[in-house]
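Geometric and topological summary
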2 protein chains.
Amino acid sequence: MSKELSTREANYSEWYNELVEKADLAQHSAVKGCMVIKPYGYAIWEKMQAALDKMFKDTGHVNAYFPLFVPKSLFEAEETNAEGFAKECAVVTHYRLKSDPNNPGKLIVDPEAKLTEELIVRPTSEAIIWNTYKGWIQSYRDLPILINQWANVVRWEMRTRLFLRTTEFLWQEGHTAHETKAEAITETEKMLDVYAKFAEEWMAMPVVKGFKTANERFAGADETYCIEALMQDGKALQAGTSHFLGQNFAKAFDVKFANKEGKQDYVWATSWGVSTRLMGALIMSHSDDKGLVLPPKLAPYQVVIVPIYKGEEQLAQISEVVLKMKAAMEAKGISVKYDDRDNQRPGWKFAEYELKGVPVRIAIGGRDLENGTVEVARRDTMEKETLQQADIENKVAHMLEQIQDNLYQKALAFREEKTTAVNTYEEFKTVIEGKTGFVLAHWDGTSETEKKIKEETKATIRCIPLNNKQEAGVCIYSGKPSAQRVIFAKAY
Amino acid sequence: MSKELSTREANYSEWYNELVEKADLAQHSAVKGCMVIKPYGYAIWEKMQAALDKMFKDTGHVNAYFPLFVPKSLFEAEETNAEGFAKECAVVTHYRLKSDPNNPGKLIVDPEAKLTEELIVRPTSEAIIWNTYKGWIQSYRDLPILINQWANVVRWEMRTRLFLRTTEFLWQEGHTAHETKAEAITETEKMLDVYAKFAEEWMAMPVVKGFKTANERFAGADETYCIEALMQDGKALQAGTSHFLGQNFAKAFDVKFANKEGKQDYVWATSWGVSTRLMGALIMSHSDDKGLVLPPKLAPYQVVIVPIYKGEEQLAQISEVVLKMKAAMEAKGISVKYDDRDNQRPGWKFAEYELKGVPVRIAIGGRDLENGTVEVARRDTMEKETLQQADIENKVAHMLEQIQDNLYQKALAFREEKTTAVNTYEEFKTVIEGKTGFVLAHWDGTSETEKKIKEETKATIRCIPLNNKQEAGVCIYSGKPSAQRVIFAKAY
């Protein structure tokens, strides 16, 4: 397979698809809308999981596991939530296959093994979890419950894209239970902050924290907080959500507790999640026409070393030097791959690791041996320099920090450049279609206006930023008074 | 809920069920046959996962993720495998719900959203994975493929028990592809060794490595290797399996490669897995009538410290000492929980941590403050001793090693005591019913004899041990000649 990608400018969407497949991140499977996450892609996801899991535990959460299936009667208990997901549910109706009498060696669904109650493959786990929490909570002493689950979920999507929108995806979902409204809101905001910190410090992806409008809220939530990122094609991507669920699920599942005053009250809830969609966000934030660009903190290996040699003897000399450098870097916590395969040429390897986004590439040849040098190339800037081998571990460690920071700064500058305040609907439409990006505009606060703007321009309100600047103005669409600008964009 | 358990002697099965629920390991869910793994149980599973995952990576494997669903046409491609799992498959037939016109607020399956091809919820992933490998393998240069997946699987079980047999369970499944038969067999054996090492060194559970008979083989395998453990009630438990799949899946999915001689050949395969069933094995290997007993290497916290105090001031004095000890132990890699809750009495806490199997409990009261001592209790032997606080971290580290070793030695001695060689069928039946345990007996090697013994006694051949001692004898059932004894037992 050729390593050449379509360019972002020629066809952004094809560039993305080709990159995901050629960099060995994921591919389509035989199951419509479901993907295979390939080892290199999965290794990045494992890095994400490890960082997030630690942050969840550091904020007092524990992991648990709840069933894949939700009986229909539980699924429909919280009606808003059920309605929101009903149209995209995979439903298990039978529990057995049998031999096809008309087709030897083939199987058919056994009509005698029909379930009395259908099982929904979880699109999200509030229902099964709140049905379980009911048995765990009697008094305020049983609260808070701070649980996270790493799991697969299924939402039947008609139009899918690798990582960004797939029928099955991997995610984590936090589900917490609290005594008071204030405590639940604090939790919702705390986890939003965790997500924002992860996005910015690990993924090097700047995000805006905000509220969703009622239209865009999670089905069953009183308030949905989100982090929104801007991709290189000027489209927004919702990278994580944290929901204040009020007492909606407690009421649907009758989860009451005796409070400190001895009175019965319904429990307050939150839920929050991020998914393998983050892989799509990561790819689209930093990558270029040569392939993936990974922030060092999430790279499966941060450094690759490629020997350039003639003959076994020279390779042995180079390897001796390389293995020492490798050990020195590893002792500093840097992950290093030494690619001494003899069935591929250095140029092929260079292209391969550029495609795979390895942050730093070190090449070493015969002249380097003589001079005590190596050639070091940065993936983010594509700059090369010749460095002395001595103290290479500290030079590389410093370079990795610079790359991590540079990627964030570059993405931030891009977002700032692509954020435009507009004051009229004409201006709005021009920017949404032309310049694209985040568009800051006054809005009258009604769902009606929001829907009309969406119908006419495909732009949606991505969020109302937290601590948003209050500023009197008029709605770009209705001309009615508005107290603040909100962020519009076309979105993934 | 009372912390008292049924005793193992009075009712082993109830003892197990109560222990699993009361020690907060798992519980039944609203979905028939599916469990909720509670945070404390899940924390043990996470420890198991981390140790196994490292062992897999250290032996050259990488993780990936394949779809939850298998289209029926792929599922049935390898006929032996399909037949083996057909009777226990959850089947997705529809992808949408809709409002029930006769029942406002309720949902029904939308008959218009019927899938043209049913999807099987994976009971194991050979089919979907080999269908994917087909696209990855052209030549010997693409081999070996050494992939593991952590996932949930579903097998529709009629009689379920928490951890031991559940409709949905969590597991890892390795799926490897090789150039030669010999290499695949080496891989199968290597992973069996990994499992045995994990069982013995982490779980402190001795196992016998062996082959399954044809009757007990994985559907689709040419050879199934297993590790078998003996539980405290004298029943065997299959704790892990590693399958040599020959070219069966390669042929079913037409996966050929150009070998080094340039000829086309089918790829050789293995698969291997362990599951949350190991949690059941762990519980039943070491626990007693007071609750769980955990080997230190898998305990979510290895040490719990309970203060015994009167008044805030004394608690503050104790806490000062405790926090220093805790830090010293943590610096040595020991995980420590300090339980200074003021709403439970020390006696309640002692019982709680005995139930939860915490390996070492440290209590510290007013007199200890004066004397510079602590009271240290071992969960495995229930022995208590008073130790000087000085150097407590090294004393506890040493004690944890002793506990890990003692649990293994105790389980090994139990197994040896419960392993009986018999020479007649009468003797066989007496031991299987009375003493129980592993029974070593001559067998004529036929499936027919094996099935008859199973029908008459419920005992099955657990395995033919690897490197089994060859010894001439006669089959206990048929009287035909036999070259070796095999291990029979009743089993989970």
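Time to look at the overall build of chain A. A count of helical and extended segments in chain A gives 14 helices and 26 strands. Computed over its C-alpha atoms, the radius of gyration of chain A comes to 26 Å, within 12% of the 23 Å expected for a compact globule of 492 residues. Projected onto the principal axes, the alpha-carbon positions of chain A cover approximately 80 × 70 × 55 Å. Each of the 492 residues in chain A was classed as buried or not, and the buried ones make up 49%. Once local pairs closer than 6 in sequence are excluded, the contacts in chain A between residues at least 24 apart make up 67%.

On to the relation of the copies chain A and chain B, then. Relative to chain B, chain A is turned by 180° and slid 0.0 Å along the rotation axis, the superposed coordinates differing by an RMSD of 0.0 Å. In symmetry terms, the pair is related by a two-fold rotation axis. Taking C-alpha positions as reference, the residue of chain A nearest the rotation axis is Val92 of chain A, located at 2.1 Å. Most of the interface of chain A is mirrored in chain B, where 100% of its interface residues are also at the interface.

What follows deals with the sheet that holds strand E21 (residues 384-388) of chain B. Hydrogen bonding along the main chain pairs the strands of a sheet, whether they run parallel or antiparallel. Residue and element names in this part refer to chain B. The sheet built from 5 strands is open, its strands ordered E18-E17-E19-E20-E21 with mixed pairing. The two strands at the open ends of the sheet, each matched to only one other strand, are strand E18 (336-338) and E21. Averaged over all neighbouring strand pairs, the angle between strand axes comes to 25°, with direction disregarded. Both strand E20 (residues 373-378) and E21 contribute to a ladder of 5 bridges, which runs antiparallel. Across the sheet, the residue bridging to Val376 is Glu385, located in E21.

Right, let's talk about helix H13 (residues 425-433) of chain A for a bit. Residue and element names in this part refer to chain A. The set of residues buried in H13 consists of Phe428, Val431 and Ile432. Down the axis of H13, the buried side of the element spans an arc of 100°, and every buried residue falls inside it. Residues of H13 that are exposed and point more than 90 degrees away from the buried face comprise Glu426 and Glu433. Along its buried surface, H13 packs onto strand E22 (419-421), strand E23 (438-442) and helix H14 (447-457).

Looking now at the domain arrangement of chain A. Residue and element names in this part refer to chain A. Here chain A is partitioned into domain 1 (12-66 + 137-286), domain 2 (299-402) and domain 3 (419-489). Computed over C-alpha atoms, the centres of domain 1 and domain 3 are 26 Å apart. Listed by contribution, the elements that provide at least two residues to the side of domain 1 that touches domain 3 are strand E11 (208-211) and strand E12 (223-230). Ranked by the residues each element gives to the side of domain 1 that touches domain 3, the list is headed by E11, at 4 residues. Classifying every residue of the side of domain 1 that touches domain 3 by side-chain character gives 6 nonpolar, 4 polar and 5 charged.

A few words on the interface of chain A and chain B. On the chain B side, the residues contacting the 55 residues of chain A number 55 residues. Looking at the side of chain A that touches chain B residue by residue, the class counts come to 34 nonpolar, 9 polar and 12 charged. Both strand E5 (residues 91-94) of chain A and strand E5 (residues 91-94) of chain B contribute to a ladder of 3 bridges, which runs antiparallel. Bridge pairing in E5 of chain B links His94 of chain A to Val91 of chain B.

Attention shifts here to the sheet that holds strand E8 (residues 114-121) of chain B. With antiparallel pairing, 6 strands are arranged side by side in an open sheet as E4(A)-E8(A)-E5(A)-E5(B)-E8(B)-E4(B). What marks the edges here is a single partner per strand, and that holds for strand E4 (69-71) of chain A together with strand E4 (69-71) of chain B. Sheet twist, expressed as the average angle between the axes of neighbouring strands with direction ignored, equals 45°. Two strands pair when backbone bridges link them, and E4 of chain B and E8 of chain B are joined in this way by 3 bridges, in the antiparallel orientation. Bridging across to E8 of chain B, Val70 of chain B finds its partner in Ile120 of chain B.

To characterise two packed helices, one gives the angle between the axes of the helices and the distance between these axes. All names here are of chain A. Direction vectors running N to C along helix H9 (residues 311-331) and helix H12 (residues 392-417) enclose 55°, while the axes themselves pass 8 Å from each other. As judged from the angle between their axes, H9 and H12 are oblique. When the axes of H9 and H12 are compared, the crossing they make is right-handed. Here Met325, Ala328 and Met329 of H9 lie close against H12, whose contacting residues are Ile392, Glu393 and Val396. Here the residues of the contact of H9 with H12 sort into 5 nonpolar, no polar and 1 charged.

Here the focus is the pairing of strand E16 (residues 268-275) of chain A. All names here are of chain A. Within E16, 8 of the 8 residues are buried, which leaves it mostly tucked inside the rest of the structure. Neither face of E16 is left uncovered, since the one carrying Trp268, Thr270, Trp272 and Val274 and the one carrying Ala269, Ser271, Gly273 and Ser275 both have all their residues buried. Looking at chain direction, strand E10 (residues 168-178) and E16 are connected through 8 bridges and run antiparallel. Paired with Trp171 across the strands is Ser275, a residue of E16.

With that settled, consider the environment of Val274 of chain B. All names here are of chain B. Looking at the secondary structure, you find Val274 in strand E16 (residues 268-275). A count of 24 C-beta atoms within 10 Å places Val274 in the buried class. In sequence terms Val274 and Gln172 are 102 residues apart; their C-alpha atoms lie 6.0 Å from each other. Those residues in contact with Val274 that lie beyond four places of it in its chain are Leu52, Trp171, Gln172, Tyr195, Ala239 and Gly240.

Further remarks concern the packing of helix H2 (residues 39-58) of chain A against helix H6 (residues 181-202) of chain A. All names here are of chain A. Remark: H2 packs on H6, axes separated minimally by 11 Å, with the N-to-C direction vectors making an angle of 145°. Here H2 runs over H6; the crossing is right-handed. Taking contact as the criterion, the partners of Ala51, Leu52 and Met55 in H2 are, on H6, Val194, Phe198 and Trp202. Within the contact of H2 with H6, the residues separate by chemical class into 6 nonpolar, no polar and no charged.

Definitions and cut-offs
- Every chain's residues receive numbers from 1 upward, in the order its sequence appears when written.
- Each chain gets a letter, beginning with A, and each ligand a number, beginning with 1, in the order they are written.
- In keeping with the predicted nature of the model, local features appear solely for residues at pLDDT of at least 70, side-chain atom pairs appear and are counted solely at 80 or more, and the whole-chain, interface and lining totals rest on all residues.
- Helix and strand assignments come from DSSP, with helices taken as H or I runs of at least 4 residues and strands as E runs of at least 2, each series counted from the N terminus.
- Both definitions apply: the radius of gyration is a C-alpha atom measure, and the globule rule equals 2.2 Å times residues to the power 0.38.
- The exposure scheme places C-beta atoms from the backbone and then counts, for each residue, the other C-beta atoms within 10 Å of its own, assigning buried at 20 or more, exposed at 12 or fewer, and partly exposed in between.
- C-beta atoms are first placed from the backbone for all residues, and any pair lying within 7 Å is then listed as a contact.
- We superpose the copies by least squares over the C-alpha atoms of residues that have a pLDDT of at least 70 in both of them.
- Between any two strands, at least two bridges found by DSSP are needed for them to pair.
- Convention adopted: a line fitted to C-alpha atoms gives each axis, helices being fitted over their contacting stretch, and angles between N-to-C directions are expressed from 0 to 180 degrees.
- Taking the helix axis as origin, the arc is that swept by the directions to the C-beta atoms.
- An automatic or database domain assignment is the source of the domain bounds shown.
- Polar here means any residue outside two lists: the nonpolar Ala, Val, Leu, Ile, Met, Phe, Trp, Tyr, Cys and Pro, and the charged Asp, Glu, Lys and Arg; Gly therefore counts as polar.
- Should an angle fall under 35 degrees it is called roughly parallel, over 145 degrees roughly antiparallel, and 65 to 115 degrees roughly perpendicular, with every other angle called oblique.
- We call a crossing left-handed when the near helix sits turned anticlockwise from the far one by less than a right angle, and right-handed when that turn is clockwise.

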